[in-house]
Structures are given as C-alpha cells and as structure tokens.
Amino acid sequence: MIPIKLAVPVPVPVPVTAARSPAAGALQYLKPGALNMTALPPLSLYIHFPWCVRKCPYCDFNSHEARGMFPEQAYLDAVRLDLEQSLPLIWGRKIYTVFIGGGTPSLMSAQGLDRLLSDVRTLLPLDANAEITMEANPGTFEAEKFKSYRASGVNRLSIGIQSFNADHLQALGRIHDDNEARRAVDIAHANFDNFNLDLMYALPSQTLAEARRDLDTALSFAPPHLSLYHLTMEPNTVFAKYPPALPDDDASADMQDMIADVTAGAGFEHYEVSAYAQPGRRGRHNVNYWEFGDYLGIGAGAHSKISFPHRVLRQARFKQPESYITAARNGNPVQEEHEIARADMGFEFMLNTLRLTGGFSPNLFGERTGMGINAIEAMLNAAEAKGLLYRDHKIIRPTEFGQRFLNDLQQMFLGA
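The present account deals with the structure reproduced in this document. (Residues numbered from 1 in each chain as written. Predicted model: local features only at pLDDT ≥ 70, side-chain atom pairs only at ≥ 80, totals over all residues. Heavy atoms only, no water.)

1. Let's talk about the overall build of the protein
Reasoning step 1: For the protein, the count of helices and strands is 16 helices and 17 strands.
Reasoning step 2: Computed over the C-alpha atoms, the radius of gyration of the protein is 21 Å, within 12% of the 22 Å expected from 2.2 N^0.38 for a compact globule of 416 residues.
Reasoning step 3: Dimensions of the protein, computed from the C-alpha atoms along their principal axes, are close to 55 × 55 × 40 Å.
Reasoning step 4: In the protein, once contacts between residues fewer than 6 apart in sequence are set aside, the share between residues at least 24 apart is 75%.
Reasoning step 5: For the protein, the accessible surface area stands at approximately 17100 Å², while carbon and sulfur atoms represent 52% of it. (Helix = DSSP H or I, 4+ residues; strand = E, 2+ residues; numbered from the N terminus. Rg over C-alpha atoms; globule rule 2.2 N^0.38 Å. Contact = heavy atoms within 4.5 Å. Areas by Shrake-Rupley, 256 points an atom, 1.4 Å probe, with all protein chains shown as cover.)

2. Observations concerning the pattern of salt bridges
Reasoning step 1: A complete count under the given rule lists 18 salt bridges for this structure.
Reasoning step 2: Between R80 and E84 there is a salt bridge whose closest N-O contact spans 3.0 Å. Of this pair, R80 and E84 both sit in helix α2 (residues 72-86), four residues apart, roughly one helical turn.
Reasoning step 3: What makes R80 partly exposed here is its relative accessible area of 24%.
Reasoning step 4: In this structure E84 comes out as partly exposed when scored by relative accessible area, which is 33%.
Reasoning step 5: Residues D119 and R80 are paired through a salt bridge, measuring 2.7 Å at the closest nitrogen-oxygen approach. Residue D119 is located in helix α3 (residues 110-123), and its partner R80 is located in helix α2; the two are separated by 39 residues in the primary sequence.
Reasoning step 6: D119 gets classed as buried once you look at its relative accessible area, which sits at 9%.
Reasoning step 7: Within this structure, D77, R80, E84, R115 and D119 form a network of salt bridges that share partners. (Salt bridge = Lys/Arg side-chain N within 4 Å of Asp/Glu carboxyl O. Buried < 20%, exposed > 50% of the residue type's maximum accessible area, 1.4 Å probe, protein only.)

3. Description of the packing of α2 against α3
Reasoning step 1: Running from N to C, α2 and α3 cross one another at 10°; their axes reach a closest spacing of 11 Å. Comparing their axes, α3 and α2 come out roughly parallel. Contact with α2, carried on its side by E72, Q73, L76, D77, V79, R80, L83 and E84, involves G112, R115, L116, D119, V120, T122 and L123 of α3 and no other residues of that element.
Reasoning step 2: Taken together, the residues that form the contact of α2 with α3 break down as six nonpolar, three polar and six charged. (Axes fitted to C-alpha atoms, helices over the stretch in contact; angles between N-to-C directions. Parallel < 35°, antiparallel > 145°, perpendicular 65-115°, else oblique. Nonpolar A, V, L, I, M, F, W, Y, C, P; charged D, E, K, R; others polar.)

So, in structure tokens, the structure goes:
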C-alpha cells in the first residue's frame, strides 16, 4: 500500500548545519563541489499559510488553529521579507509554478491574497503561463472571495473535499458537511476551469460501496484532476494516539483496485501514486517535485530544494508562525539547512521519481543529480531482478508490482 500525502517532499534526515543568511551563503554555494550539473532544474515556488479553523485528527502538516483572528498582515510582511532575503539564491531563474498550501490558505482575505501575489510578481520573474494553485477548504468557500482570488491571479484550486459522506466527514474532523462540499465544487466550477478535488479512502468504517459513491460523486463534477489518498495514521496526530477502526488491508486493496478501474473508465490518467488527471491536466507543480525539480519554500515550516552547478541545498523555515515572523524580521527565517550528500543523492532522486507511474528517462538522473546513472546501477539491477522495476535505454519505471510495494522499492536505493 502507498498511503503518503506530501505538501512538499520530506527531506531525508541527515545532520543539519547551522543556518546562515541566504545572501551571505549564495557565493559559497557557487564554489566547486562534488556534483556537476549541466543545467539547473525548473524552479517552483511554494508558499505556506500555517493557520486552519480546526486541526484534523489525521493531519501531521504544519498547521495551527487560528482561534478566531490571526496576524495576516504581520505574516504577509514576513513572507515578503523571506522572499527578498532568498533572492540571492535564485537570481535570474524563472518561476514556472506557484503553490499556496497550508493550513487553510482560503482563510486569507481577498486583499491579503492579492497583496501576496502582487509581492510575488514584483520580486520574481513568473513564467507567462505559470500555474498558480491555491488549496481551499470547503468550509471556507465564499463565492465573492473566490472570484477575487481568481482575479488576483490564482488559476487553479485544490479543494480538500476528502469525502461527500456526512458521517465520514464528521469522523475525519472536517469543518464542512456533504452539502458544503458540493457547494464548494459548484463555486469552483463557476470561477475556475482548472481545479483538483482531494478525496481520501480507507476511512474509519468505510465500505467499498461508500468509497465508490464518493468517487462517483466527484466524477459527476467532471474535475480536471483528482488526488486520491489512502488514510494513514501519521505519528503525533490524534488518530495515532486514538486509532479509529479502519478497513483491513484486503478491503483497502479492493478500494485501490476499484479506483484504478473507475478512473481509467472515466478517461483519467493515473500518472503518480495518488494523482489522476484528464488529458493535459496534470498538476505541474507536483510533477516538478516528483521529477526532482527545484522549489523555493517560503513561509512557516516551508522546505526548499535549490540546485547549484556543484551542489544541492535543502532548507527548512521556522515552524511556529510567531517564531517565523520574528526570524524574518531579524533577517533569517531559515532554521536549518544542509547540502544533500553525494551518497544520499541517488536515494533522494529515486524517492521522488519512482512515484511517477510512467517513470523517467535515464538522462534525467544525470541532469538532476550531477552524477552518472552508474551510481545506482547495482540497485537498479537488484530491483529489476525482483520484478519491481522495468528499464531500457529510454525509460526507468516501477512495474505494477513495484507500484504496489513502492516503499520497499524506494528503500532499495538507500545508500546508493
């Protein structure tokens, strides 16, 4: 089973050096090093909004209950400072996608979102066809506000439906009911021609028939994109402490098979572990993650991966909103940073790219890691011998068996 949901890819745990000012470190990162990139990857921008109305019992993202008011202006000031301080690391590089995640970004005022995207456009060279996605919770949908979001430049919504079943929504601790879920999709349809619906399956006490009804309801809205996630018990969540009764492995496998059959019958391409798209509607921001592209992460708890000709840098911002705001005002909101060690590069690359059901070109490995494919040759041979991987001179991809046991396949590249 592959039950992961990532807002951004999680860095592999390694010893972390003390963070330094991005401006002070920029020249150092351009010095000769262990890698040799022939070109830099595409660059995306991730902006984290850390507040939500109520923390869901399954959620392990960096989100904090707003409890009424939250310091929107102070936070947006900090985000702008963060962005300004990060510019030396990405001089001259165009931004191809923007993703505003959380938390619940749709708690932001229309004026706040307009100011945020104005700051982004002022400071960064956005591609003319940039995909700009915003996460939204159905419990926060207001028709006029979403018209304003669209006018400000958001051109794709990702709506956290999770289920259209009232009982399951209540069990998941969602702030919306089934009627609000349907109304949210109607509002999205009226204002956006590109949107994603998030659904979860293997929910507490969920049957195969109920999972099918959720999927059928979602498909009735003709969404361009679906994200279908297996509910998991993440550490340090309420569900981890008080586990609900969940479908067993056989039942959840039946749900996965049903999802594969129904989405394929509806013309959706299953292009990534949890992602299904109509033709031409893949989520470009997440594809950049899975292809081991670069991303600058701005906001509380956001992570970055930034490539230079001879090294790849990872960063993490302060997680607590108050600490982040203070750190940004003091000139460095980056709490931790480290270079990806050459010995870890193969695993990090494969951790992401193996999520793509269609796989990747062998040339991509060299382009994104600055190393030759021979660095992981032994692991590729072992995975192929076990029937987990298919490869030829044009493609490397997980087999259907490898997709079923993706975690095992990924772990074969540890220490590559």
